[in-house]
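So you can see what is in the structure, the chains are spelled out below.
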Amino acid sequence: MSDKVKTIGVLTSGGDAPGMNAAIRAVVRTGLSKGMKVKGIMRGYAGLLKEEIVDLDSRSVADIIQRGGTILYTARCMEFMTPEGQQKAADICHKHGIDGIVVIGGDGSFRGAGKLANLGINAIGIPGTIDLDVACSDYTIGFDTAVNTAMQAIDKIRDTSTSHERCSIIEVMGRSAGYIALWCGIANGAENILLPEKYDGNEQELINEIIEGRKRGKTHHLVVNAEGVGHSTSMAKRIEVATGIETRATILGHMQRGGSPTAIDRVYASMMGAMAVDLLDEGKSKRLVGWRDGKFYDVDINEGLAMQKTLPPYQVEVAKLLSH
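In this text, all values refer to a predicted model and were calculated from it rather than measured experimentally.

A. Highlighting empty space enclosed by the protein. Tallied over the full model, the rule gives one cavity of 30 Å³ or more. Taken as a whole, the largest cavity encloses approximately 40 Å³ of empty space. If you trace the largest cavity, you find it lined by Cys167, Ile210, Gly213, Arg214, Lys218, His220, His221 and Ile245. In terms of residues, the lining of the largest cavity owes the most to one element, helix α7 (residues 203-215), which gives three residues. Here the residues of the lining of the largest cavity sort into three nonpolar, three polar and two charged.

Below you can see the structure in the form of structure tokens.
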């Protein structure tokens, strides 16, 4: 067991995600309730290295739970990836009296938290990414909001696609993971879902399905394309040439990261933030907070990072079944 943590730092790192503010709020108010001091670290690890550190109180996090993005801002930091940068960050934590840190982000952020833990700063990670690609958790902050944002946009695009009897290719975010695409494909009733984990690049098969659909009397065709597959604009041009059907590509982009978080992202993020502080209060370090089998739990950072995650086979099977 480590010495009792007296001062917590909290930072957000990597891509922003709706619900991060709810997690920050929970960290601050839970920490204060336990008699701890709480400091906000601006702009992730980059801000830590620049000592952009501010004191937070209960009022500092008032009226933020409904806001998208992160009030602490976020950035990526190459310097922190070096041993020298990590030692500098640990020294700065010691200088400011920070003996525990909560890191809200993805796998890269957690590796950084693990490095700080090795240098004597008790560290807890919270999965915050719209991509749902953190293997140790079935939930990540921001995914639910991102999916709902994309779903609503796709509904609108489908309306005009139907009116013009078009084929629409809609590209959603997710980096190399297909979770947003899979969920939107099911929720929006897409005829095809292109997933980086499954797509073999056989564009001719897709073209054939579009042609067959038109022969059966379908007046439109919706393709949800994952960012990890990409090339939606050039794909649309090739499909239009091959099928003779007007085809348009829409890349939803960073709108999926913004917006007011859903109830799930507000509540789950709040629970994770509070649990992270509870773990620090218990003297624990180098842990990740996750959601699995219907409950919140914690796991060793290295063990969590070593886990592998794949798309749920049954969801993929059902998505394919329902598209026809």
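B. Main features of the sheet that holds strand β7 (residues 192-194). Pairing within the open sheet is parallel, and its four strands lie in the order β7-β8-β6-β9. Of all strands in the sheet, those bounded by a partner on one side alone are β7 and β9 (247-251). Each adjacent strand pair in this sheet contributes to an overall mean axis angle of 15 degrees, direction not counted. Looking at chain direction, β7 and strand β8 (residues 221-226) are connected through three bridges and run parallel. By the bridge assignment for β8, Leu194 is matched with Asn225. Running at roughly 165 degrees to strand β6 (residues 167-172), helix α5 (residues 143-163) makes contact with β6, β8 and β9 of the sheet.

C. Looking closely at the nonpolar core. Counting residues in hydrophobic clusters, the biggest one holds 60 residues, and the most contacted among them are Val102 and Ile104. Beyond its immediate sequence surroundings of up to four residues, Ile104 is in contact with Val10, Leu11, Thr12, Ser13, Met20, Ala23, Ile24, Ile126, Gly128 and Ile141. Counting residues in hydrophobic clusters, the runner-up holds 28 residues, among them Phe80, Phe110, Ala113 and Leu116.

D. Structural detail: the packing of aromatic side chains. What the rule picks out here adds up to six aromatic pairs. Plain terms: the ring middles of Tyr139 and Tyr268 are 4.9 Å apart, the flat faces sit at 70 degrees to each other, and that makes the pair edge-to-face. Taken as a pair, Tyr139 in the loop between β5 (122-127) and α5 and Tyr268 in helix α9 (residues 263-281) lie far apart in primary sequence, 129 residues in all. A relative accessible area of 6% means that Tyr139 is categorised as buried. By relative accessible area, which is 23% here, Tyr268 ends up partly exposed. For the pair Phe143 and Trp183, a centre-to-centre distance of 5.1 Å together with 85 degrees between the ring planes defines the contact as edge-to-face. On the criterion of sequence distance, the pair formed by Phe143 in helix α5 and Trp183 in helix α6 (residues 179-187) is long-range, its members being 40 residues apart.

E. Summary view of the layout of surface pockets. Within this model, the largest pocket holds a volume of roughly 610 Å³. What lines the largest pocket is a set of 29 residues, and nearest its centre among them are Ser13, Gly14, Arg76, Gly108 and Ser109. With six residues, helix α4 (residues 107-118) is the largest single contributor of residues to the lining of the largest pocket. In terms of residue class, the lining of the largest pocket is made up of eight nonpolar, twelve polar and nine charged. The space that makes up the second largest pocket amounts to roughly 510 Å³. Forming the walls of the second largest pocket are 18 residues, and the residues nearest its centre are Asn192, Ile193, Leu194, Glu205 and Lys320. Sorting the residues of the lining of the second largest pocket by element identifies β7, α7 and α11 (313-322) as the ones contributing at least two each.

F. Spatial organisation of the pairing of strand β1 (residues 7-12). In terms of burial, β1 is a largely internal element, six of the six residues being buried. Residues Thr7, Gly9 and Leu11 line one face of β1 and the alternating positions Ile8, Val10 and Thr12 line the opposite face, and both faces are buried. Summarising the sheet, β1 and strand β4 (residues 100-105) pair through five bridges and their orientation is parallel. Within β4, the position partnered with Thr12 by the bridge is Ile104.

Cut-offs applied
Residues numbered from 1 in each chain as written. Predicted model: local features only at pLDDT ≥ 70, side-chain atom pairs only at ≥ 80, totals over all residues. Heavy atoms only, no water. 1 Å grid on protein atoms, 1.4 Å probe; cavity = no way out; pocket = protein on both sides within 12 Å on 5 of 7 lines; lining within 4 Å. Points joined across faces, edges and corners; volume = space filled by probe spheres on them. Helix = DSSP H or I, 4+ residues; strand = E, 2+ residues; numbered from the N terminus. Nonpolar A, V, L, I, M, F, W, Y, C, P; charged D, E, K, R; others polar. Pairing = 2+ DSSP bridges. Axes fitted to C-alpha atoms, helices over the stretch in contact; angles between N-to-C directions. Contact = heavy atoms within 4.5 Å. Core = buried A, V, L, I, M, F, W, Y, C linked by side-chain atoms within 4.5 Å. Buried < 20%, exposed > 50% of the residue type's maximum accessible area, 1.4 Å probe, protein only. Phe/Tyr/Trp six-rings, centres within 6.5 Å; stacked < 30°, edge-to-face > 60°.

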